[in-house]
Structure formats: structure tokens, C-alpha cells
Amino acid sequence: MAKLSMVQRELKRARTVQRYAVKHAELKRKLIDPNLPDEERELARRQFQSLPRDASPTRMRRRCRLSGRPHGVYRKFGLGRNKLREAAMRGDVPGLVKASW
């Protein structure tokens, strides 16, 4: 089980990303637009840099929904490899069977 503080930190990051999503996207669009004057792009760059670090979606980390484990998480299921295996053995994941040969 991951530390509760780390899981809470990720939830806080997710809320921050959601709060600044529109502003982040708008400023990002202005930064890439070659038709804007240099002064306006410079202003957009300053505003973009003044956003909180955690407003960037790349700072978010995918974690297991059950254990909070940060590594070995399958996107399709949202579970870590350990918890996915346990769920598959119980038969909770339809269509997923343990390989045996």
C-alpha cells in the first residue's frame, strides 16, 4: 500500500490540472501560433510560466486504484499488476484468464 500522503498529493494535482485546464490550453495555443506578434507571445509565455507547476498534466502519475502503487499499472484496468492478478484469480475481470501451458 502506498503512503496515503502520496495518494492525496496525486489527487490534489489532478484537481489543480482540472482547475487550470482551460487557461493552460489557451496559453499553450497562443505560444504555438506563429501569426501572433512577438510581444503578445512573450506576454503569453510569462503568463504560462506563472501558472503553478502542478497545473501541467504531465506531472500527474498513474496509480493503482486499490493500492496506490505507482509502478506496474495497467491503463486498461487502472490496477497495478499485483491487484490485477488477484482480481483475475478471483474472476472479477471478465475475459481475463491466467495463462497456463
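Quick caveat, the model's predicted, so the values are computed rather than measured.

Trainee: How should I be thinking about the overall build of the protein chain in this particular structure?
Mentor: Within the protein chain, the secondary structure is distributed over three helices and two strands. Secondary structure elements of the protein chain, listed N to C terminal, follow the sequence α-α-β-β-α. Counting only C-alpha atoms, the protein chain reaches 65 × 30 × 20 Å along its principal axes. Expressed as a percentage of its 101 residues, the buried residues of the protein chain come to 23%. Residue pairs at least 24 apart in sequence account for 39% of intrachain contacts in the protein chain once pairs closer than 6 positions are excluded. One way to put it: in the protein chain the 27 positive side-chain charges average out to a point 13 Å from where the 10 negative ones average out.

Trainee: Would you mind going over the nonpolar core with me for this structure?
Mentor: In globular proteins that are soluble, nonpolar side chains generally tend to be buried together. One finds Cys64, Val73, Leu79, Leu84, Ala87 and Val93 forming the largest nonpolar core, which totals six residues. Those residues in contact with valine 73, other than ones at most four positions away along the chain, are Arg62, Arg63, Cys64, Gly78, Leu79 and Gly80.

Trainee: I keep staring at the pattern of salt bridges and nothing clicks. Help me out?
Mentor: Should the charged atoms of two oppositely charged side chains come close, the side chains can pair. On inspection of all chains with the given rule, the structure shows eight salt bridges. Of the charged contacts, one joins glutamate 26 and arginine 29 as a salt bridge, the two residues approaching to 2.6 Å between their closest N and O atoms. Taken together, the residues span about one helical turn, with glutamate 26 and arginine 29 both in helix α1 (residues 4-32) at a distance of three residues. For glutamate 26, a relative accessible area of 35% gives the class partly exposed. Here arginine 29 falls in the partly exposed class, since its relative accessible area comes to 45%. A salt bridge links lysine 83 to glutamate 86, with the nearest nitrogen and oxygen atoms 3.6 Å apart. Linking lysine 83 with glutamate 86, this pair stays in helix α3 (residues 81-90), spanning three residues, or about one helical turn. Look at lysine 83 and you get partly exposed, because its relative accessible area is 27%. Among the charged side chains, a salt-bridge network with shared partners connects Glu10, Arg13, Asp54 and Arg59.

Parameters at a glance
Residues numbered from 1 in each chain as written. Predicted model: local features only at pLDDT ≥ 70, side-chain atom pairs only at ≥ 80, totals over all residues. Heavy atoms only, no water. Helix = DSSP H or I, 4+ residues; strand = E, 2+ residues; numbered from the N terminus. Buried < 20%, exposed > 50% of the residue type's maximum accessible area, 1.4 Å probe, protein only. Contact = heavy atoms within 4.5 Å. Lys, Arg positive; Asp, Glu negative; His and termini not counted. Charge placed at Lys NZ, Arg CZ, Asp CG, Glu CD. Core = buried A, V, L, I, M, F, W, Y, C linked by side-chain atoms within 4.5 Å. Salt bridge = Lys/Arg side-chain N within 4 Å of Asp/Glu carboxyl O.

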